[in-house]
Amino acid sequence: MVIDSCQERAERRFRLPVRRALSLGVVGLLTAAGVLSLSGPANAASTLGGAAAAKGRYFGAAVAANHLGESQYAATLDTEFNSVTPENEMKWDAVESSRDSFNFSRADQIVGHAQGKSMQIRGHTLVWHSQLPGWVGGLNATDLRSAMNNHITKVMQHYQGKIYAWDVVNEAFQDGNSGARRSSPFQDKLGNGFIEEAFRTARAADPNAKLCYNDYNTDGQNAKSNAVYNLVKDFKARGVPIDCVGFQSHFNSQSPVPGDYQQNLQRFADLGVDVQITELDIEGSGSAQADNYRRVTQACLAVSRCTGMTVWGIPDKYSWRASGTPLLFDDNYGKKPAYQAVLTALGGTGGGGDDGGGGGGRTCTATYSETQRWGDRFNGQVTVRAGSSAISGWTVTVTLRSAQSVSTTWNGSPSWDGSGKVMTMRPNGNGNLGAGATTSFGFTVMANGDWSAPAVGSCTAS
Ligand code: G3I
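Anyway, here's the lowdown on the structure attached to this text. Remember, predicted model here, so these are calculated numbers, not experimental data. (Residues numbered from 1 in each chain as written. Predicted model: local features only at pLDDT ≥ 70, side-chain atom pairs only at ≥ 80, totals over all residues. Heavy atoms only, no water.)

Centre-to-centre distance and the angle between the planes together describe a pair of aromatic rings. Enumeration over the complete set of coordinates arrives at 18 aromatic pairs. Members of the aromatic cluster, connected to one another through ring pairs, are Phe59, Phe81, Phe329 and Tyr339. Here the basic side chain of Lys224 rests over the ring of Tyr216, its NZ or CZ set 3.8 Å away from the ring centre. The side chain of Arg267 reaches across the aromatic face of Tyr229, ending 4.7 Å from its centre. (Phe/Tyr/Trp six-rings, centres within 6.5 Å; stacked < 30°, edge-to-face > 60°. Lys NZ or Arg CZ within 6 Å of the ring centre and 35° of its normal.)

Right, dumping it as structure tokens:
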């Protein structure tokens, strides 16, 4: 009973506004409902977050606080995503490096940013064997139990009402074929019951947050995912609070997207929990990578309790896979074929870029950079790149922040909407661009105190 009413409350807060907006057929209302951050109603289905919202889901990214000051990073986050997960800032070593002394400053930065854009926030993570300060491993069982419960309670209460779903316990099972528990201070000193205790403590600390178990290599049916499945089944049978299971979905050639990915998500959903894709990244490039991203997206859409997807970073250069290219944006924030594949699979349109499908359609991408700054103004430049086919025209929308205005533009023909904040730029004369060729246009923004990058929408080719 208690579990059901908690779930219902969380549902009401986070999902009903989405459904209501959809039933009215007005995606733009989502912004007004404070649920989602979209770059503007006109762009609603041309961003990952907008397209996912139209399917009743969120599309999130792992975010690092120290990148938020980079204008293109923040602009891409704000334009494309409607959910964030702090990549490291909520982990035990970041918030409680000394016992019972909490520092939420870096995590608060991300939460503040996300709240300012009405994004959902996933909390990651409360109980994990990694990124655990040394003092935790030195405690005896009694002290460890109290430290674990104190950590869960204080962190969740700090963020009460702000977190959509928490990864309460992360990666508690071993790799390989045993399905056994992983050795950790919690497992070794508190025994198998530590997971249940963590979830019960979490429910008491913030009854409105969804409580998830999160792990990797559980994406297909195997010994490890069977062990998690049995844990969830047992919890549901005994009334232990659990609302969701996170499938990290880190894929590479050794660990490809499993053939039974969707079936695996579905069998967990059938236990009565939500499922979420929590840390998606896929090694590779071009159409092979795009195909894998497409499959993952389609699998989530095919499972009604798959409530959203999170990619583990924004541009490739900030991926935890140091030399990899596993994300949706390249190092210059260009949209990769994988981006276009995800957007198309979500039912979105006009995201620019080539989806790697070899269709040869006319596509383009738009990439923003700030090129110069003075005391009161800055220059922005947008590079337009044709996809795999030649194009004869392009359109890019630039949305200013509310305080900003544009004093001059060059290398393009602008038109403005009634608000004076949305500039639609087209070629000044001949718009021909060969396959892969680039051109650029620029503009001077009067900052009026807001130095954020304007939101640059996707490029539409003709
Ligand atoms: O912040 C310090 C910096 O001050 C120091 O100079 C530098 C030197 O090593 O380290 C920096 O901390 C690093 C931190 O990332 C922030 O960049 C840590 O060493 C590094 O270990 C840490 O890696 C994180 C990793 O978890 C830790 O296990 C990755 O960024 C993060 O993406 C990764 O995320 C995990 C999920 O939480 C759980 N699932 C797997 C996933 C990928 O490994």
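Around the ligand, the structure places 14 residues, and the nearest of them are Glu87, Lys91, His124, Glu171 and Glu279. Here an oxygen atom of the ligand sits 2.7 Å away from a polar atom, N or O, in the side chain of His124. Within the side chain of Gln131, one N or O atom sits 3.3 Å away from an oxygen atom of the ligand. Relative to its unbound accessible surface of 790 Å², the ligand loses 46% to contact with the protein. The residue inventory of the shell around the ligand, partitioned by class, reads three nonpolar, seven polar and four charged. (Near = heavy atom within 4 Å. Polar contact = N/O pair within 3.5 Å; in protein donor to acceptor, adjacent residues only side chain to side chain. Areas by Shrake-Rupley, 256 points an atom, 1.4 Å probe, with all protein chains shown as cover. Nonpolar A, V, L, I, M, F, W, Y, C, P; charged D, E, K, R; others polar.)

Turning to the pattern of salt bridges, a few remarks are in order. Enumeration according to the criterion identifies 20 salt bridges in this entry. For Arg238, the salt bridge identified is with Asp234, shortest N-O distance 3.0 Å. Here Arg238 and its partner Asp234 are both found in helix H12 (residues 223-238), four residues apart, which amounts to about one turn of the helix. Accessibility expressed as a relative area gives 42% for Arg238, which makes it partly exposed. For Asp234, a relative accessible area of 33% corresponds to the partly exposed category. Across the pair Asp316 and Lys336 runs a salt bridge, and its minimum N-O distance is 2.8 Å. Pair noted here: Asp316 is in the loop between strand E9 (306-311) and helix H15 (337-345) and Lys336 is in the loop between E9 and H15, with a separation of 20 residues, a long-range link. Side by side, Asp316 and Lys336 carry an identical accessibility label, which is buried. (Salt bridge = Lys/Arg side-chain N within 4 Å of Asp/Glu carboxyl O. Helix = DSSP H or I, 4+ residues; strand = E, 2+ residues; numbered from the N terminus. Buried < 20%, exposed > 50% of the residue type's maximum accessible area, 1.4 Å probe, protein only.)

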